[in-house]
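These are the residues of each chain, in order.
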Amino acid sequence: MVIFPGVRKVLAPNPSFMTGRGTNTFLVGTDNLIVVDPGPDIPAHVEAILTEAAEVGGRIVAILITHDHPDHVGAVAALRERTGSRVFGPAGFTGADQILGDGDGVHLGDVSFRVIATPGHADSHLCYWIEAERYLFSGDLIAGHGTVVLSAAPGSLTRYLASLQRVARLGSLTLLPGHGPVVLDGPAKIQEYLDHRALRERQIIGALSEGAATVDEIVRRVYAETPPQLFDMAAQNVRAHLEHLESQGRAKFDGDAWELA
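Procedures and definitions
- Residues numbered from 1 in each chain as written.
- Predicted model: local features only at pLDDT ≥ 70, side-chain atom pairs only at ≥ 80, totals over all residues.
- Heavy atoms only, no water.
- Helix = DSSP H or I, 4+ residues; strand = E, 2+ residues; numbered from the N terminus.
- Expected span 1.5 Å × (residues − 1).
- Buried < 20%, exposed > 50% of the residue type's maximum accessible area, 1.4 Å probe, protein only.
- Contact = heavy atoms within 4.5 Å.
- Pairing = 2+ DSSP bridges.
- Axes fitted to C-alpha atoms, helices over the stretch in contact; angles between N-to-C directions.
- Phe/Tyr/Trp six-rings, centres within 6.5 Å; stacked < 30°, edge-to-face > 60°.
- Lys NZ or Arg CZ within 6 Å of the ring centre and 35° of its normal.

A. Spatial organisation of helix 7 (residues 231-247). Helix length check: helix 7, at 17 residues, gives a terminal C-alpha distance of 24 Å against a target of 24 Å (1.5 Å per residue), a fit within 8%. Listed as buried for helix 7 are Ala234, Ala235, Asn237, Val238, Ala240, His241, Leu242, His244 and Leu245. Looking at the buried positions of helix 7, the neighbouring elements they touch are helix 4 (156-168), helix 5 (186-209), helix 6 (215-222), strand 13 (251-253) and strand 14 (258-260). Just downstream of helix 7, Gly249 is the residue with a positive phi angle, here 75 degrees.

Written as structure tokens, this is what we have:
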């Protein structure tokens, strides 16, 4: 599916509460093609990527990974075996031929990416920035629909907010996310995400002020309309918010219960 000149999208058949309609795989370039996030280990999806490349008439020479969650990297081995392409990814991803870090440049064919470290959803999350076209391949930093789950690692919300603010400073941009539709007004979506986190913070502070003292109690109040099967993920986000408030001296935990400081 052509998104823009030189950019195509292949949607993986892995819809779920966590992946929306599925994981987006992007093919960038013309003769020498770069795959951004090959998606889950589903043979039909690998074939769809190869079919899309054949329609372009190009050759897949590289795979870029935003983060190492299975719905983004499961197909790496199969696609590398079929194409002989090199794999570039974040620290900690053992399937990479070359590890990328913040500020690195990746120049392949007529396409140049700049690597931007954006931890929060995953500890080693990367975004890929094509400044010439103002395209940001945002992985799971930002989704086209809905919001994302934060890492369970301590300090994840603090890092996530910093990541959002960092990409906001890029100015005008188009978001090509790991899930959901392409977002033409990237700054508006980034602000929407910042506003959402601020709203969740206010709701959690409200729940604490009304006597909620555990993560489960806060989840039941703040995420009352969320399907129960997502409560574990909601709890992960609540913990991240509480840790963020604690780091600012605005909440405290006595080993059993949370309360406002």
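On we go.
B. The arrangement of the sheet that holds strand 11 (residues 135-139) in detail. One open sheet holds the five strands; their spatial order is 8-9-10-11-12, and the pairing between them is mixed. Both edges of this open sheet fall to strand 8 (105-108) and strand 12 (174-177), since each of them pairs with a single strand only. Each strand of the sheet is rotated relative to its neighbour by a mean of 25 degrees, with strand direction disregarded.

C. Spotlight on the packing of aromatic side chains. All chains considered together, the criterion is met by five aromatic pairs. Note on Phe113 and Tyr128: the rings are 6.2 Å apart at their centroids and 85 degrees apart in plane angle, and the pair reads as edge-to-face. Of this pair, Phe113 sits in strand 9 (residues 111-117) while Tyr128 is found in strand 10 (residues 126-130), placing the two residues 15 residues apart along the sequence. We classify Tyr128 as buried; its relative accessible area is 0%. Three or more aromatic residues joined by ring pairs form one cluster here, namely Phe26, Phe113, Tyr128 and Phe137. Over the ring of Tyr223 we find Arg200; its NZ or CZ atom is 4.2 Å from the centre of that ring.

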